[in-house]
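# Chain and residue survey
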Amino acid sequence: MDLITSWIGNIPEFAVPFALAALGLIITEKSGVLALGAEGLMLVGAVIGVGAALTVDNTAVALAIAMIAASVVSLLFALMVLVMRINQVISGLVLVFFCQGLTTLTGTLMGWTNQPVSGLGAIALWPLSELPYVGRFFIQNVVVYLVPVIFVVAVWALNRTTPGLRLRAVGENPQAADAAGISVLGYRLAAIMIGAALIGLAGAFIAVLSNKLWISNMTAGRGWIAVALVIFARWSPWKALAGALLFGCIEALIPQLAASGIKLPQYFVFMAPYAITLGVMIWVAASKRDSSSQPGALGTPFIREERT
Amino acid sequence: MSKQNAIQLSGVSKTFDGFKALTDADFTAKWGEVHALLGENGAGKSSLMNIVAGLYGPEGGSLFIDDNPIKLKGPKEAAKLGIGMVHQHFKLVMPFTVAENILLNLGHIQTSGLYRERLRRVSDDIRAMAKRIGFEIDPDTRVDQLSIAEQQRVEILKVLLAGAKVLILDEPTAVLTEEEAERLLTTVQGFAREGAAVILVTHKMNDVLRYADQVTIMRAGQTVKSLKPDSVSVDELIRLTVGESTSDQSATPEKRAPGAPYLQVKGLTSTGAPRALNHLDLTLNKGEIYGLAGVGGNGQSELANALMGIPEPVEGQMEIAGEGDLAGFDAARRRAIGIASIPADRYGAALAGPLSIADNFALGDIHSGRYGPFWYLKTRAIEADAAEAVRQFDVQGVRSLKQKAALLSGGNAQKLVIAREFNHPPKLVLAHSPSRGLDVKATEAVRDRLRAARDDGAAVLLISEDLDEVMAMADRIGVMSAGRIVAEFSQPADRQAIGQAMVNHV
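Keep in mind that this is a model prediction, so the values were computed, not measured. Starting afresh in each chain, residues are numbered from 1 along the sequence in its written order. Chains and ligands are labelled sequentially in the order written, the chains with letters from A and the ligands with numbers from 1. For this predicted model, a pLDDT threshold of at least 70 governs which residues receive local features, and a threshold of 80 or more governs which side-chain atom pairs are given and counted, while totals over whole chains, interfaces and linings are taken from all residues.

## Observations concerning the domain arrangement of chain B
Residues and elements named next belong to chain B. Rule in force here: For the purposes of this description, domain bounds are those given by an automatic or database domain assignment. For the purposes of this entry, the term helix denotes a DSSP run of H or I that reaches at least four residues, the term strand denotes a run of E that reaches at least two, and both are numbered from the N terminus. Note that Gly is not counted as nonpolar here; it falls among the polar residues with everything else outside the nonpolar set of Ala, Val, Leu, Ile, Met, Phe, Trp, Tyr, Cys and Pro and the charged set of Asp, Glu, Lys and Arg.
With domains assigned, chain B is organised as domain 1 (5-242), domain 2 (260-338 + 425-506) and domain 3 (351-423). For domain 2 versus domain 3, the separation of C-alpha centres amounts to 26 Å. Mapped by element, the contributors of at least two residues to the side of domain 2 that touches domain 3 are α10 (331-336) and α15 (440-455). Take the side of domain 2 that touches domain 3: its biggest share by element is five residues, from α15. Class assignment for the residues of the side of domain 2 that touches domain 3 results in eight nonpolar, one polar and three charged.

## Thoughts on the sheet that holds strand β14 (residues 314-320) of chain B
Residue and element names in this part refer to chain B. Rules: Criterion used throughout: strands pair if DSSP finds at least two bridges between them. The contact criterion used is a C-beta to C-beta distance within 7 Å, with each C-beta placed from the backbone. To define axes, lines are fitted to C-alpha atoms, for helices over the stretch in contact only, and angles between the resulting N-to-C directions are given on a 0 to 180 degree scale.
One open sheet holds the four strands; their spatial order is β12-β11-β14-β15, and the pairing between them is antiparallel. Of all the strands in the sheet, just β12 (280-285) and β15 (324-325) have a single pairing partner and so form its edges. Here two bridges tie β14 to β15, and the two strands are oriented antiparallel to one another. Residue pairing in the sheet places Glu-319 in a bridge with Asp-325 of β15. Set on the sheet, helix α9 (residues 300-308) makes contact with β11 (261-270), β12 and β14; between it and β14 the angle comes to about 55°.

## Things to note about the pairing of strand β4 (residues 60-65) of chain B
Residue and element names in this part refer to chain B. Sheet topology note: the strand β1 (residues 5-16)/β4 ladder contains five bridges and is antiparallel. When the sheet's bridge partners are listed, Ser-13 is paired in β4 with Gly-60. The pairing of β4 with strand β5 (residues 68-70) spans three bridges and is classified as antiparallel. For Phe-64, the partnering residue across the bridge sits in β5 and is Pro-69. Counting the residues between successive antiparallel strands, the hairpin from β4 to β5 contains two residues, one of them, Asp-66, with a positive phi of roughly 55°.

## Here we look at the interface of chain A and chain B
Many structure descriptions define interface size as the accessible area lost when the parts assemble. Taken together, the contacts link 21 residues of chain A with 22 residues of chain B. Where the side of chain A that touches chain B is concerned, the elements lending two or more residues are α6 (162-172) and α7 (174-179) of chain A. In terms of residue count, α6(A) provides more of the side of chain A that touches chain B than any other element does, five residues in total. Partitioning the side of chain A that touches chain B into residue classes produces six nonpolar, eight polar and seven charged.

## Concerning helix α6 (residues 178-193) of chain B
Residues and elements named next belong to chain B. We count it as follows: A helix is expected to reach a length of 1.5 Å times the quantity of its residues less one. Whether a residue is buried, exposed or partly exposed follows from its count of other C-beta atoms within 10 Å of its own C-beta, namely 20 or more, 12 or fewer, or something in between, respectively; the C-beta atoms are built from the backbone. Working definition: the arc comes from the directions between the helix axis and the C-beta atoms, pointing outward to the latter.
Look at α6: 23 Å from first C-alpha to last across 16 residues, which is about the 22 Å you get at 1.5 Å a residue. Among all positions in α6, only Glu-180, Ala-181, Leu-184, Leu-185, Val-188 and Ala-192 are buried. When α6 is viewed along its axis, its buried side chains cluster within an angular range of 120° and face the same direction. Within α6, the exposed residues directed more than 90 degrees away from the buried face are Thr-186 and Arg-193. Looking at the residues trailing α6, positive phi occurs at Gly-195, about 110°.

## Here's the deal with the sheet that holds strand β16 (residues 339-342) of chain B
All names here are of chain B. Spatially, the six strands line up as an open sheet ordered β16-β17-β18-β13-β19-β20, and their pairing is mixed. In this open sheet, the two strands that pair with only one neighbour each are β16 and β20 (484-490). Between one strand axis and the next, the sheet turns through 15° on average, direction left out of account. Inspection of the sheet shows strand β13 (residues 288-293) paired to strand β18 (residues 459-463) by five bridges, in the parallel sense. Bridge assignment links Leu-292 to a residue of β18, and that residue is Ile-463.

## Quick word on helix α14 (residues 410-421) of chain B
Since one α-helical turn is 3.6 residues long, residues separated by three or four positions face the same way. All names here are of chain B. Between the first and last C-alpha of α14 there are 17 Å, a value that for 12 residues agrees with the 16 Å anticipated at 1.5 Å per step. Counted residue by residue, α14 has 11 buried out of 12 residues, so it is predominantly covered. If you check which residues of α14 are buried, you get Gly-411, Asn-412, Ala-413, Gln-414, Lys-415, Leu-416, Val-417, Ile-418, Ala-419, Arg-420 and Glu-421. Of the surrounding secondary structure, the elements contacted by the buried residues of α14 are β16, α11 (346-350), α12 (357-362), α13 (379-392) and α15.

## Here we look at the confidence of the model for chain B
Residues and elements named next belong to chain B. Convention followed: The predictor's confidence in any single residue is recorded as pLDDT, a number from 0 to 100.
Mean pLDDT over chain B: 85, with 93% of residues reaching 70 or higher. Considering each helix and strand of chain B separately, the mean pLDDT is smallest for helix α17 (residues 495-504), with a value of 73, and largest for β18, with 94. Note on residues 245-249: pLDDT is under 50 here. Beyond four places in sequence and across chains, it has 10 contacts. Scored by ipTM, the complex comes to 0.83, with pTM at 0.73.

Written out as structure tokens, the structure is:
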């Protein structure tokens, strides 16, 4: 009884980083840029979020700074893939390793490691918060409540606005978009930066709002799970949100199991999310669903004067 | 509108990776005329027009639009100045609807309102314009569900709705059947009569003679001459285009006695829906070319796949005399019994683009062990054989045998495919649109090879949407419609009757 109540109450905290990171990845990848750097950008959001919270003591401002920081770092990725046209897989991996080193260094040099921050208080959504079993699901910080709003706005912008149409065109057929007078590189740059901001917010959520402190490499592979989640969701934001909730359920279960006294090998428990990710990926691949939802030009650099 | 210049280019050059695509080219098109830009593949026609459309920046020379000097910064600016280009490879976003594709292109026209409202307005505009010029297009259909001819209409609607007054069509009839091409060219002639300038990039002499008011001829990156098509003879036009006179293409083959049946197809039917193939029967004899004519999309690709061994869900018989049913043969077995395949998609299905010319050539014989066991490749033997084949089959543009096959032009890529497939004398040749997109000389070379194979006793199946080609090549002609052969003709065949059979069963 208590177990289930607190499990359900913990789900949003674990699901939100996945949801935000996956949405950021979807926005970037809809423009045709393969974004594998989520893990690195989440770390940037996390360390800068904590650093800003320690410095300015205003959580909202700290989260905004974290988003901007991730966006700025993503310019490096944009430089590699858009201007220098380096392989997007390599660029994504390089970005992750670079950010892992950069954030550890920054955290240590600035003395932000293990310094507690205040975070945000929980708001109860009355009367939903009074429901049996699921009531604690509706006692969360304000960012959790903002997630559905962010999703609605993002989906609307992608599917129901002219810039969204152009962004998707750039990702499906950049040559066609270019011939229509759309700046392919401009839209890709914007998609990378907006996506990075959301991924940075996901990282800041983990550090500033969930754990309320910074520890080196604290995202622990969640960025990679988000990458898998996007493929699992076939680039659909709503499916990605559902997938994020599913993974949130699994991650939230682990501490509950430990607390309930069930004896499980510790490393097995830590391994579980990744094993489940692997299982889901194999299931997706085996179920042979149509791959047409993948942006047509994903991973391909754009060169105008290429002769075909 | 007065007959002033719509587009004028003078002294334009363009280089790609050291290759001079254009050298000092001049071009003038006037308002109210259909202006053909004629030349062989690789003569620089598309490059020249891409400069007008703002896609390529010229390296020298000047561009005048409506007699004003212009430096285009990009395609957006060209569109603003009323230049619209329909590319040979369509620039459409496949998963989008017709209306979304067209809305995408209207960026430079400032329209206000909510997205949904704009989309609705664009849909209305599409319906109105389509009605005016006689196209039938539903704005809410996804582009990937349209036929090639319909996609081309979307491209034309796209540039017209963007306000184009100069309409550039790059090889518009290459993908169309005769009827579709006629309809299209009559429509664009109408645009010119209303005062627009239409530029028709083509290598088809017939298009020029029938529809153009003025023709500019290009050869090897230079503009050779500009003249009125009715002021010169066809031979003169061909001479200017290719630099030499080629043999008469329209000669019909002499009547020949057919050999014994070699391939017998019985009741070939697609298992999936829709039934692309519907109880198709076909007998192919030794020592004959069987030409399969028909409007594209009547099951030709599916038949070619089934025969060539490209996965295609079919049932029925494909019996090879003395060998058994083709369906059970893997690629190695097919080669061993002497089947040569020339697929329609030469870069996708016949060649591995990133591999070298020598490697592509060697693929044909790799199974036989000629080039060594599985753990060792005799590269010298491969290169010696490839060099010999390249020479024998006149594959041009080969700087080195290690050069990527993807760098070969269409005609030379096709020659390489044929060199590989004909390396051992074939017993059965399956050729699908073998001369599509090739210039006059390369087409002649390909056809000579097919005739030579026939004369050596091979059974040749020529699937082609180009009726001229079938008429000029085939000993017997079958007309394909709705997945089956609806009529067969022996040479000399009546072109009118074949045309009738092609359209009546659609």
